[in-house]
Amino acid sequence: MLEDNPRASRTVPFVSKACGLQLAKIAARCMAGQSLKSQGVAGEVVPPYYSVKEAVFPFIKFPGVDTILGPEMKSTGEVMGVGESFPEAFIKSQLGAGVRLPTSGKAFISVKHTDRPAAIELARELLDMGFSLVATRGTAGVIEAAGLPVTAVNKVNEGRPHIVDMIKNDEIALVINTVEGKRQAVTDSRSIRVSALAAKITVFTTIEGAQAACMGMRHLAGLEVYALQDLHAKLNNSDR
């Protein structure tokens, strides 16, 4: 069975706000026989600002649930972040979704093999912002080989003290955990994500999400508030 879904309840309102066009109304008029040209829609709208849509997940209301994402529909809503740059827009979307972003402390990194090259730059960014690093042995070895300071910590199955102990003792401020698609790998790291959720620690389960968060965290102290009307005025004054 194929899905036929125009995403009218979420994506269309988001894009409408981002580009200043009432897309539902435009589409309805097209179905009634009016052309795009007659409605003043002459071409693609490219806003001079960034808009980021973030899904809202109710994980905190379900203790013990794994925060790793799969094909299932788990979100209960979406928020929108707008900024002059992508990092500013992204960090606003995270704040709007209720994500708490730390500014200091220990960041834990444990990533799958294919993400380890990217983890080096991620580690460098976190160190530059004042974080200290702990990582599982495989990830720690890669980071250390790049000349960056990191402390290795045991996985749960490697004996105590391990990373879950550190999470429960409030020693960790941020968790970055990516895993292979294999069921065993997901199961082995589940306790990390579940413990972090219980401790209300922010967890990123993709390397791309963690990279975007690092970029955005540099903008936490200087966020601007924009009126949607002012943003749309910029669109009306630009070539369309």
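Reading the values: the criteria
- What you see as residue numbers is a count from 1 along each chain, following the sequence as written.
- Local features in this predicted model are restricted to residues whose pLDDT is 70 or higher, and side-chain atom pairs enter the listing and the counts only when it is 80 or higher, whereas totals over whole chains, interfaces and linings include all residues.
- Think of the side-chain values as coming from all heavy atoms in the structure, minus any hydrogens and water.
- DSSP-based pairing: two strands are paired if at least 2 bridges between them are found.
- Secondary structure elements are defined from DSSP: runs of H or I of at least 4 residues count as helices, runs of E of at least 2 residues count as strands, and each element is numbered from the N terminus.
- Residue contacts are defined here by distance: any two heavy atoms, one from each residue, within 4.5 Å place the two residues in contact.
- Inter-axis angles, ranging from 0 to 180 degrees, are taken between N-to-C directions of lines fitted to C-alpha atoms, where helices are fitted over the stretch in contact.
- We define a salt bridge as a contact between a side-chain nitrogen of Lys or Arg and a carboxyl oxygen of Asp or Glu at a distance within 4 Å.
- Per-residue accessibility, obtained with a 1.4 Å probe over protein chains only, is compared with the maximum for each type, and a residue is labelled buried under 20%, exposed over 50%, and partly exposed between these values.
- In this description, a nonpolar core means a group of buried Ala, Val, Leu, Ile, Met, Phe, Trp, Tyr and Cys residues linked to one another through side-chain atoms lying within 4.5 Å.
- Centre distance within 6.5 Å is the pairing criterion for rings of Phe, Tyr and Trp, where only the six-membered ring of Trp is used; planes under 30 degrees apart are then read as stacked, over 60 as edge-to-face, and the remainder as tilted.
- We count a charge as sitting over a ring when the NZ of a lysine or the CZ of an arginine lies within 6 Å of the ring centre and within 35 degrees of the ring normal.

## Overview of the sheet that holds strand β7 (residues 202-204)
Strand-to-strand pairing in sheets goes through backbone hydrogen bonds, with the strands running parallel or antiparallel.
Now for step 1: The strand order across the open sheet built from 5 strands is β5-β4-β3-β6-β7, with neighbouring strands paired in parallel fashion. Looking at the sheet topology across the chains shown, the edges are occupied by β5 (151-152) and β7.
Now for step 2: Sheet contacts for helix α4 (residues 116-128): β3 (106-110), β4 (132-135) and β6 (174-177); angle to β4, the most-contacted strand, approximately 145 degrees.

## Considerations on the pattern of salt bridges
Now for step 1: As enumerated under the stated definition, the model contains 8 salt bridges in all.
Now for step 2: Residue R124 pairs with E121 through a salt bridge whose shortest N-O separation is 3.0 Å. Taken together, the residues R124 and E121, both in helix α4 and 3 residues apart, mark about one turn of the helix.
Now for step 3: The partly exposed category is assigned to R124, whose relative accessible area is 35%.
Now for step 4: For E121, a relative accessible area of 39% gives the class partly exposed.
Now for step 5: Note that E125 and R218 form a salt bridge whose closest N and O atoms lie 3.1 Å from each other. On the criterion of sequence distance, the pair formed by E125 in helix α4 and R218 in the loop between α8 (207-217) and α9 (228-237) is long-range, its members being 93 residues apart.
Now for step 6: According to the relative accessible area criterion, E125 is partly exposed, its value standing at 25%.
Now for step 7: Since its relative accessible area comes to 42%, R218 is described here as partly exposed.
Now for step 8: Each of the salt bridges in this network shares a partner with another, and the network as a whole consists of E125, D128 and R218.

## Re the nonpolar core
Now for step 1: Formed by 29 residues in total, the largest nonpolar core has its most connected members in I109, L122, L126, L133, I143, I176 and M217.
Now for step 2: Of all the elements, α8 adds the most residues to this core, at 6 residues.
Now for step 3: Apart from the residues within four sequence positions on either side, L133 is in contact with A107, I109, A123, L126, L127, I143, P149, V150 and T151.
Now for step 4: Grouped together as the second largest cluster of nonpolar side chains are 12 residues, V164, M166, I192 and I201 included.

## Things to note about the packing of aromatic side chains
Now for step 1: Applying the stated criterion to the full structure yields 1 aromatic pair.
Now for step 2: Residues F86 and F90 carry aromatic rings whose centres are separated by 5.8 Å and whose planes lie at 40 degrees to one another, so their mutual orientation is tilted. On the criterion of helical spacing, the pair formed by F86 and F90 is a turn pair, its members being 4 residues apart in helix α3 (residues 86-96).
Now for step 3: Since its relative accessible area comes to 30%, F86 is described here as partly exposed.
Now for step 4: For K53, the ring lying beneath its charged end belongs to F14, and the centroid distance is 5.8 Å.

## Overview of the environment of D115
Now for step 1: For D115, the position within the fold is in the loop between β3 and α4.
Now for step 2: Residues D115 and T139, 24 residues apart in the sequence, show an inter-C-alpha distance of 9.4 Å.
Now for step 3: Leave out the neighbours within four places in its chain, and D115 touches T178 and I207.

## Some points on α8
Now for step 1: Of all 11 residues making up α8, 8 are buried, and the element is well covered by its neighbours.
Now for step 2: Along its buried surface, α8 packs onto α3, α4, β6 and β7.

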